[in-house]
Amino acid sequence: VQLQASGGGLVQAGGYLRLSCVVTTNIFNMMSTGWYRQAPGKERESVAFISNRGSRNYADSVLGRFAISRDNAKNTVYLQMDSLKPEDTAVYYCNVRYPNAGMDYWGKGTLVTVSS
C-alpha cells in the first residue's frame, strides 16, 4: 500500500487549501482514512477521520473549518481546509488502516504553512 499526499503550500491566514491523498490499494473502500499533522516541536495529532462507511470525526481545533471526504472510485481522501490560521502550520500526513488485517499505512506528508 502506498500513499501520495499533495496540495500543501504557503497561504495567508484566512485562506484555504485542499489536500489530496491517493492510495494505491485494491481495498481502499474497506479502509478507514484520516489526516494527521505535526507542527515543529509538537507531537503528531489527529485532524480528521472518515471511516469506510463515511462516518467523520474532527479535532476540536478544526471543527467547522476543515472537511474530510473520500472518493472510493479514485482511491483518494481529501481534506478541505478553510479559514486557515497560523497555528494550522504543520506537516500533514494521510493515514489508512484496516484493523481487521492489521494494516496501518502512512504517507510522507505535505507541508502547510499559514502566514499571519
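Above: the structure in question.
Quantities reported herein were computed from a predicted structural model and do not represent experimental measurements.

Points about the sheet that holds strand β7 (residues 66-71)
Spatially, the 4 strands line up as an open sheet ordered β1-β3-β8-β7, and their pairing is antiparallel. Strands at the two margins of the open sheet, each flanked by one partner only, are β1 (2-6) and β7. Within the sheet, the average angular offset between the axes of one strand and its neighbour, ignoring direction, is 15°. In this sheet, strand β3 (residues 17-24) lies alongside β1 in antiparallel orientation, the contact comprising 5 bridges. Opposite Gln2, over in β3, you have Thr24 as the bridge partner.

Quick look at the packing of aromatic side chains
On inspection of all chains with the given rule, the structure shows 1 aromatic pair. One residue, Arg18, lies across the ring of Tyr78, its end atom 4.0 Å from the ring centre. Over the ring of Tyr93 we find Arg44, and its NZ or CZ is 3.8 Å from the ring centre.

Things to note about the side chain of Thr110
Along the polypeptide, Thr110 turns up in strand β11 (residues 110-115). The class of Thr110 is buried, set by a relative accessible area of 9%. Among the polar contacts listed, one links the side chain of Thr110 to the backbone nitrogen of Gly8, at a separation of 3.1 Å. Excluding its chain neighbours within four sequence positions, the residues that come into contact with Thr110 are Ala5, Ser6, Gly7, Gly8, Leu19, Ala90, Val91 and Tyr92.

Criteria and thresholds
Residues numbered from 1 in each chain as written. Predicted model: local features only at pLDDT ≥ 70, side-chain atom pairs only at ≥ 80, totals over all residues. Heavy atoms only, no water. Pairing = 2+ DSSP bridges. Helix = DSSP H or I, 4+ residues; strand = E, 2+ residues; numbered from the N terminus. Axes fitted to C-alpha atoms, helices over the stretch in contact; angles between N-to-C directions. Phe/Tyr/Trp six-rings, centres within 6.5 Å; stacked < 30°, edge-to-face > 60°. Lys NZ or Arg CZ within 6 Å of the ring centre and 35° of its normal. Buried < 20%, exposed > 50% of the residue type's maximum accessible area, 1.4 Å probe, protein only. Polar contact = N/O pair within 3.5 Å; in protein donor to acceptor, adjacent residues only side chain to side chain. Contact = heavy atoms within 4.5 Å.

Everything listed here is a matter of coordinates, which is why it stays silent on function.
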